Amino acid sequence: MISFYSLSILLLFSLPWGAKSGLNERRLLDDLLENYNKLERPVINETEAVVLSFGLTLQQIIDVDEKNQILTTNIWLNLEWNDANLKWNASEYGNVADVRIPPKYIWKPDLLMYNSADEAFDSTYSTNIVLTNEGACTYIPPGIFKSTCKIDITWFPFDDQECEMKFGSWTYDGGKLDLKLKSERGDTSTYILNGEWHLLDVPASRHEVFYECCPDPYLDITFFIQIRRRTLYYFFNLIVPCVLIASMAVLGFTLPPDSGEKLSLGVTILLSLTVFLNMVSETMPVTSDNPLLGTYFNCIMFMVASSVVTTIMILNYHHRLSHTHEMPEWVRMLFLQWIPWMLRMSRPGEKITLKSILMQNKMRELDTKENSSKSLLANVLDMDDDFRPGGSTHSTFFPTHNNMVHKNGGFIRVTHNTQPFEDTFPTGIQKELNLILKEIRIITDKIKEHDESSAIENDWKFAAMVLDRLCLITFTMFTLIATIAVLAAAPHVIVT
C-alpha cells in the first residue's frame, strides 16, 4: 500500500514547472505585443489626435504649508483613451474581453502636473492599464501630489484658498493629443475630511495656450481646489486668549492707585501678551502682507502699551503734593469740571453740574481780584481789620472791660468806644498777650496751610481718579470696537 508521503511526492513531480497563465490570455498578449511599438501614437490616421479623457478623484488634503506655499494631496488620476493597435476579437481568444498590461509595454500619454513641487516631479504610482477588446485603455494612477499654491493670508484665520493643479502633456500639442474633461468637477465622493480645512468645491477648466515656438496650441486641464479654513480652533486658541488679556489690562484701571500693584499689573500683562504673540507668530505664515489677525493683535498690543503709559500718568497725578506741583488752570477745568460732568462723576457730598461749574469759575475770578484779607485777630474774634497788635510804632487798642465787650448768644460784640491797649493792661501782660497772639497766628497759618495743601492734594487725587475712569471707558470701547470690527470684516466668522 502506498503511503501518504509517497503519494505527495508523486503529485509534486507530476505538477508542471513554472507559473503559467491562461492559454487564451497568453496567446492574446503575445499576438498584441508581437509587432507593437510603444513609441507610436495609437491612431489609424496620423493626422488625427489621440483623444484623452481626463478626470481626477480627490481622496484627501494632507497638508497646506502656508510658509512654503505648497499643497499636499492624495489624488487618483483617471485617464481614458483608445488605442487603435490593441483591438481583438474576443471570440477568437476564449471570450477574453479585457487584460491588464503594465504601462511600460504600451503607449501612454506623457501627462504631468505643471506646477509640481515634488523632487521627482511625477509622483504617481505606475499601475496596470486596463485594456478592453475594443482598444479602450483605462489608466488610474494614484499619487501623493505636491503642488505650488499661492496662499493669500489677508483674512487669516478667516481665509479661503484656491489652489490650482494644472495637468497637460509635456511634448504633445493639441494636434496630436486632445484633452477632454471627463467631468466639470473633480470627484469627491470618497474624500476624507480634513481637520483644518473645509473643502468647498473642485471645479475644472480646459485651456489652450499658444507658444511662439509652435503653431498648434498646447492644451491643459486645471483643477481648482477651493478650501476654507476651519476657524473654531483659531477662535478659541488665538482670539479668545487675546481678548482675555486685553480685558485684564482694562480691568487694571479699576485698581486703586494706593494698592501699589497698578503699574506692575500693566507691565506683566504687556509682557504676557508679547510672549503670546511670539508663540502665535510661529504658526502664522511668513509674508509681507499683514493678515487680519495680525492687525487685531497689533491693535491690542497698542492698547495694552497705552494703558501702561496712562497708568504712569495716573500714578503721577495721584502722588503729587502741594509744595511740589501747582495745578494748572487747564487741568483744573478739564479733569475737575468738564470730564467729571460728562462721565457723571462727583465727590462725596458734592454734585458736579453745569451750573456749579460756571459758578465756580465766576467765584474763582472774583477771588483772584481780591488782594486784601483779614488779619489774624480779626479772624479769631470775627472782627474787621481795625485791631492790629501793635509794636513800638503803632498804638494798640483793645475794647475796655467795663461796657465795651458784650456777650450775646455766644458771640462777642465790640463797640466803637476803645482806648489805648497800653492804658488797659500793664506792660508784662501786654507782652504775654502779644506772644499768645503770635502763637495763635502761627497755629492758624499752619492749619490754613494744611487745609490748602490737603485741598490741592485731594484735587490731584480726584483728577487721577477721573483720568482712571476715562481710560477705563475709552480702552473698553476700543477693545470691543476692534473685536467687533475684526469679526465684521471677516468673510466668514466660524467654520466648524
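Summarised in this report is the structure supplied together with it. Treat the numbers as computed from the prediction; the structure is a model and nothing was measured. (Residues numbered from 1 in each chain as written. Predicted model: local features only at pLDDT ≥ 70, side-chain atom pairs only at ≥ 80, totals over all residues. Heavy atoms only, no water.)

What follows covers the pairing of strand β2 (residues 70-82). Relative to β2, strand β1 (residues 50-65) runs antiparallel, the two being bridged by eleven bridges. Its bridge partner lying in β2, D63 is registered against T72. In this antiparallel pair of consecutive strands, β1 and β2, the connection spans four residues, and Q69 shows a positive phi of 55 degrees. For β2 and strand β7 (residues 142-148), the ladder comprises seven bridges, and the chain directions are antiparallel. For L71, the partnering residue across the bridge sits in β7 and is S147. Inspection of the sheet shows β2 paired to strand β6 (residues 136-139) by four bridges, in the antiparallel sense. By the bridge assignment for β6, E80 is matched with T138. (Pairing = 2+ DSSP bridges. Helix = DSSP H or I, 4+ residues; strand = E, 2+ residues; numbered from the N terminus.)

Here the focus is the state of the cysteines. Scanning all chains against the criterion turns up one disulfide. Note on cysteine connectivity: C149 is disulfide-linked to C163, with sulfurs 1.9 Å apart. Between C149 and C163, the S-S dihedral sits near -75 degrees, and the bridge is therefore left-handed. Of this pair, C149 sits in the loop between β7 and β8 (160-169) while C163 sits in strand β8, and the two are 14 residues apart along the sequence. A residue is classified by how much of its surface remains accessible, and C163, at 1% relative accessible area, is buried. (Disulfide = S-S within 2.5 Å. Buried < 20%, exposed > 50% of the residue type's maximum accessible area, 1.4 Å probe, protein only.)

In this description, an aromatic ring pair is defined by two values, namely the gap between the centres and the angle between the planes. One pass over the structure, following the stated rule, counts 17 aromatic pairs. Centre to centre, the rings of F276 and F297 are 6.0 Å apart; their planes meet at 70 degrees, and the pair counts as edge-to-face. In this pair, F276 sits in helix α4 (residues 262-283) while F297 sits in helix α5 (residues 292-318), placing the two residues 21 residues apart along the sequence. Residue class for F276 comes out buried when judged on its relative accessible area of 15%. On the basis of relative accessibility, which here comes to 3%, the residue F297 falls in the buried class. Their ring planes at 40 degrees and their centres at 6.2 Å tell us that Y296 and F297 sit as a pair that is tilted. Among the aromatic residues, those joined into a cluster by ring pairs are F54, F145, F167 and F223. (Phe/Tyr/Trp six-rings, centres within 6.5 Å; stacked < 30°, edge-to-face > 60°.)

A separate point is empty space enclosed by the protein. In the structure shown here, the tally under the stated rule is two cavities of 30 Å³ or more. One number sums up the size of the largest cavity: a volume of about 70 Å³. Lining the largest cavity are M248, A249, G252, F253, K262, L265, G266, I269, S307 and T311. Of the residues forming the lining of the largest cavity, the biggest block, four residues, is contributed by α4. When its residues are assigned to classes, the lining of the largest cavity shows five nonpolar, four polar and one charged. (1 Å grid on protein atoms, 1.4 Å probe; cavity = no way out; pocket = protein on both sides within 12 Å on 5 of 7 lines; lining within 4 Å. Points joined across faces, edges and corners; volume = space filled by probe spheres on them. Nonpolar A, V, L, I, M, F, W, Y, C, P; charged D, E, K, R; others polar.)

Across the interface, α5 lies against helix α10 (residues 427-489) with an axial gap of 9 Å and an inter-helix angle of 175 degrees. Looking at the two axes, α5 sits roughly antiparallel to α10. Here the contact of α5 with α10 is composed, by residue class, of 18 nonpolar, six polar and two charged. (Axes fitted to C-alpha atoms, helices over the stretch in contact; angles between N-to-C directions. Parallel < 35°, antiparallel > 145°, perpendicular 65-115°, else oblique.)

Each neighbour pair has its own omega, and for F156 with P157 the value is 5 degrees, a cis peptide bond. Within the secondary structure layout, P157 lies in the loop between β7 and β8. With a phi angle near 60 degrees, N95 is a residue other than glycine that sits in the positive phi range. By the element assignment, N95 lies in the loop between β2 and β3 (98-101). Residue N95 is classed as exposed on the basis of its relative accessible area, which comes to 62%.

Moving on to a nonpolar patch on the surface. Nonpolar side chains collect at one region of the surface, where I473, M477, L480, I481 and I484 lie side by side and expose about 480 Å² of accessible area between them. Mapping I484 onto the fold places it in helix α10. On the basis of relative accessible area, I484 is assigned to the exposed category, the value being 57%. (Patch = residues over 30% accessible without salt bridge, like charges linked within 9 Å, V, L, I, M, F, W, Y side chains within 5 Å. Areas by Shrake-Rupley, 256 points an atom, 1.4 Å probe, with all protein chains shown as cover. Salt bridge = Lys/Arg side-chain N within 4 Å of Asp/Glu carboxyl O.)

On to the packing of helix α3 (residues 232-251) against α10, then. Axis separation between α3 and α10 bottoms out at 9 Å; the angle between their running directions is 165 degrees. Comparing the axis directions of α3 and α10 gives the class roughly antiparallel. Judged by the twist between their axes, the crossing of α3 over α10 is right-handed. Residues F235, V243, A246 and V250 of α3 form the contact with α10, whose participating residues are L472, F475, T476, T479, T483 and L487. (Left-handed = near helix turned anticlockwise from the far one by under 90°. Contact = heavy atoms within 4.5 Å.)

Turning our eyes to something else, we now look at the pairing of β6. Side chains C137 and Y139 of β6 all project onto a buried face; the interleaved residues A136 and T138 project onto a face where none is buried. With two bridges connecting them, strand β5 (residues 129-132) and β6 associate as antiparallel partners. Residue pairing across strands places L131 opposite C137, the latter belonging to β6. Between β5 and β6, which follow one another and run antiparallel, lie three residues, and G135 among them has a positive phi close to 90 degrees.

With that out of the way, let us pick up a negative patch on the surface. Taken together, the side chains of D445, E449, D451 and E452 make up a negatively charged region of the molecular surface. A relative accessible area of 43% means that E452 is categorised as partly exposed. (Lys, Arg positive; Asp, Glu negative; His and termini not counted. Charge placed at Lys NZ, Arg CZ, Asp CG, Glu CD.)

Our focus in this paragraph is the environment of G266. Here G266 lies in helix α4. With relative accessibility at 13%, the residue G266 sits in the buried group. As a C-alpha pair, G266 and V309 span 43 residues in sequence and 9.2 Å in three-dimensional space. Look past the residues within four positions of G266 in its chain and what remains in contact with it is V304 and V308.

For the rest of this paragraph, the subject is the pattern of salt bridges. Where charged atoms from two side chains of opposite charge come close, those side chains can pair. Evaluation of the coordinates by the stated rule reveals twelve salt bridges. E66 is the salt-bridge partner of R229, the closest N and O atoms lying 2.9 Å from each other. With R229 in strand β12 (residues 218-229) and E66 in the loop between β1 and β2, this pair connects stretches of sequence that are 163 residues apart. Take R229: its relative accessible area is 0%, and that puts it in the buried class. Accessibility expressed as a relative area gives 13% for E66, which makes it buried. Each of E66, D159, E196 and R229 takes part in a single network of salt bridges with overlapping partners.

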